[in-house]
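Geometric and topological summary
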Amino acid sequence: MDIKLIIYYLCIFSGAVLSAFVGYFIGKKNGFTGKTLIIYISLALVFGFSGAVIMGQIQNFVMSLTGLPFYPSRMRIFGGLLFTPVFMYFPVKYLAGDFSLVTDIFSPGIYLLLGFSKIGCAVYGCCYGIQCTPGVSTQFEEHTVFPVQLFESVLCFVLFGVMCFVVTKKKHRKGTAYPLSLILYGVMRFFIEFLRYYPEAERTYFFGMNFWQTVSVVTILFGIIRFIHKHLGRSRDLQISDKPYEE
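If you're wondering where the values come from, they're calculated on a predicted model, not measured in any experiment.

Another aspect to go through is the packing of helix α3 (residues 78-94) against helix α4 (residues 99-124). Angle between the axes and distance between the axes: these two values describe a pair of packed helices. It is at 11 Å that the axes of α3 and α4 come closest, and there the two elements cross at 155 degrees. What the angle tells us is that α3 and α4 run roughly antiparallel. The chirality of how α3 crosses α4 is right-handed. Between α3, through Phe78, Leu81, Pro85, Met88, Tyr89, Val92 and Lys93, and α4, the contact on the second element is made entirely by Phe99, Val102, Thr103, Phe106, Ile110 and Leu114. In the contact of α3 with α4, the residues fall into 11 nonpolar, 1 polar and 1 charged.

Here it is in structure tokens:
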């Protein structure tokens with residue numbers, strides 16, 4: 001196996017391990033027991049990589065509509081961000097857990113995994129940027145390109161810090177961290193795509209946007225709806241609790 005590909009997978013593995021430790025630490029601060037956290041973290045990792053594979057197949061299907069061959073081996077970490085909470089909903093409810101709190105404690109770690117995965121992309125040379133001079137070399141192109149993978153990695157680590165601050169502050173509103181992470185990453189990914197290179201055959205457009213920009217817009221809209229829903233739900237709870245008791 002290519003040494004660069006091995007490093008790519010090691011970067012993803014490292015990001016997964018570190019994100020698990022972060023989730024464990026934040027979970028302990030929020031009163032979860034170690035046994036419960038291990039179960040939740042194990043589920044999150046399994047569902048996260050399952051979501052990444054599913055997103056890869058969705059992209060493969062869309063690409064195949066343009067006449068490109070279908071590659072079943074493709075995996076996209078973005079899918080982990082989108083599908084993990086969906087897959088975890090019923091297991092968390094079955095274990096009588098607080099789903100909103102569970103999504104909160106895992107939200108910062110998602111950015112660690114994304115950040116490390118992009119370092120792996122930079123080493124391997126995939127997901128490279130537009131032609132740029134000066135730039136970096138890649139095994140797939142003769143000309144130098146913009147190091148968009150490293151740029152995205154740095155932004156992911158910055159957002160990791162932002163999300164850690166959000167979920168650990170005293171006045172954090174439970175259940176809002178995950179939709180906020182969707183909004184932040186969706187906005188970042190939308191604009192990052194302008195710096196990424198795509199062969200002509202892969203430039204599928206939806207209302208003037210490429211595949212990942214379209215996914216980013218859907219992600220942002222879902223995050224906004226979820227964020228507003230959590231705030232309105234909190235407001236309703238406060239209004240109910242403020243009403244005087246009547247016999």
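What follows covers the nonpolar core. Membership of the largest hydrophobic core comes to 52 residues, with the highest contact counts inside it found for Met88, Phe106 and Tyr185. For this core, the secondary-structure elements that each account for two or more residues are α1 (3-29), α2 (34-64), α3, α4, α5 (148-168), α6 (177-192) and α7 (211-242). Per-element accounting of this core gives the leading share, 12 residues, to α4. Excluding its chain neighbours within four sequence positions, the residues that come into contact with tyrosine 185 are Phe78, Leu81, Tyr111, Leu114, Glu152, Cys156 and Leu159.

Here we come to the pattern of salt bridges. Inspection of every chain in the model, using the stated rule, returns 4 salt bridges. Glutamate 152 is the salt-bridge partner of arginine 196, the closest N and O atoms lying 2.8 Å from each other. One end of the pair, arginine 196, is in the loop between α6 and α7; the other, glutamate 152, is in helix α5, with 44 residues separating them in the sequence. Of the charged contacts in the structure, one is a salt bridge between glutamate 193 and arginine 196, with a shortest N-O distance of 3.1 Å. Take glutamate 193 and arginine 196: they sit in the same class, and that class is buried. Shared partners join several salt bridges into a network, and the residues in it are Glu152, Arg189, Glu193 and Arg196.

Rules behind the numbers
Residues numbered from 1 in each chain as written. Predicted model: local features only at pLDDT ≥ 70, side-chain atom pairs only at ≥ 80, totals over all residues. Heavy atoms only, no water. Axes fitted to C-alpha atoms, helices over the stretch in contact; angles between N-to-C directions. Helix = DSSP H or I, 4+ residues; strand = E, 2+ residues; numbered from the N terminus. Parallel < 35°, antiparallel > 145°, perpendicular 65-115°, else oblique. Left-handed = near helix turned anticlockwise from the far one by under 90°. Contact = heavy atoms within 4.5 Å. Nonpolar A, V, L, I, M, F, W, Y, C, P; charged D, E, K, R; others polar. Core = buried A, V, L, I, M, F, W, Y, C linked by side-chain atoms within 4.5 Å. Buried < 20%, exposed > 50% of the residue type's maximum accessible area, 1.4 Å probe, protein only. Salt bridge = Lys/Arg side-chain N within 4 Å of Asp/Glu carboxyl O.

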